[in-house]
Structures are given as structure tokens and as C-alpha cells.
Amino acid sequence: MQQLSKEEIEKGLQGLDGWNISGNKIKKIYEFADFNQAFGFMTRAAMEIEKMNHHPEWFNVYNKITVELTTHDAGGITQNDLGLARILDSLA
């Protein structure tokens, strides 16, 4: 995977609600009604993440999940990150 330019990243984020560039990552905070819903989201997402073999940096505190995506092998944001962001949004 090749690292995207800032312009390519911004274009890719146009159709994604709540995602923003944070350093060499894209980031979003999901908020759910409670811990059960947040954990359910993480469980559903884990199946898709494993299929892609592209694992996010994510953090859970009660009903909030912060997700940061980057492709370490490419040194920044790639199409894999944008694709996983779309999948996560569809599951939320």
C-alpha cells in the first residue's frame, strides 16, 4: 500500500462523517448509548478487521470508542485506512 497525499486523504474523507486527520492518522470518536452497545460494535468490527488484516488503534471508555487508523508499513494513511473507516461507519 502506498501512502496517500493530504489532498487524496481529504477527498477520501469527504464521504465519511466525523473523521479527521490527526498527524499521520485518521481519527473518529464513536459514542453509543451504553457500554453494551459500544462493546457490540467492537465485536462486530473485529470480524471485518480480521478479514482485512488491518488492525486499528482503538480505545474504549464506557460508551465511547476512539479509533485511529494508519498503515504503519506505509508510514501513513492509505486506501486501507479509508476503506476500514467506511466499514466501521457502516457497522456503527
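In what follows, the structure referred to is the one given above.
Now for a quick tour of the structure. For clarity, every value in this text was computed on a predicted model and none was experimentally measured.

Here lysine 28 shows up in strand E2 (residues 25-31). Within polar-contact distance, the side chain of lysine 28 engages the backbone oxygen of aspartate 17 at 2.7 Å. With residues near it in sequence (within four places) discarded, lysine 28 still touches Asp17, Gly18, Trp19, Ile65, Thr66, Val67 and Asp89.

Moving on, we come to the pairing of strand E4 (residues 64-69). With 5 of 6 residues buried, E4 is to be regarded as a mostly interior element. Where strand E3 (residues 57-61) meets E4, 5 bridges bridge the pair, whose relative direction is antiparallel. For tryptophan 58, the partnering residue across the bridge sits in E4 and is valine 67. Adjacent in sequence and paired antiparallel, E3 and E4 are bridged by 2 residues, among which tyrosine 62 carries a positive phi angle near 50°.

Parameters and conventions
- Residues numbered from 1 in each chain as written.
- Predicted model: local features only at pLDDT ≥ 70, side-chain atom pairs only at ≥ 80, totals over all residues.
- Heavy atoms only, no water.
- Helix = DSSP H or I, 4+ residues; strand = E, 2+ residues; numbered from the N terminus.
- Polar contact = N/O pair within 3.5 Å; in protein donor to acceptor, adjacent residues only side chain to side chain.
- Contact = heavy atoms within 4.5 Å.
- Buried < 20%, exposed > 50% of the residue type's maximum accessible area, 1.4 Å probe, protein only.
- Pairing = 2+ DSSP bridges.

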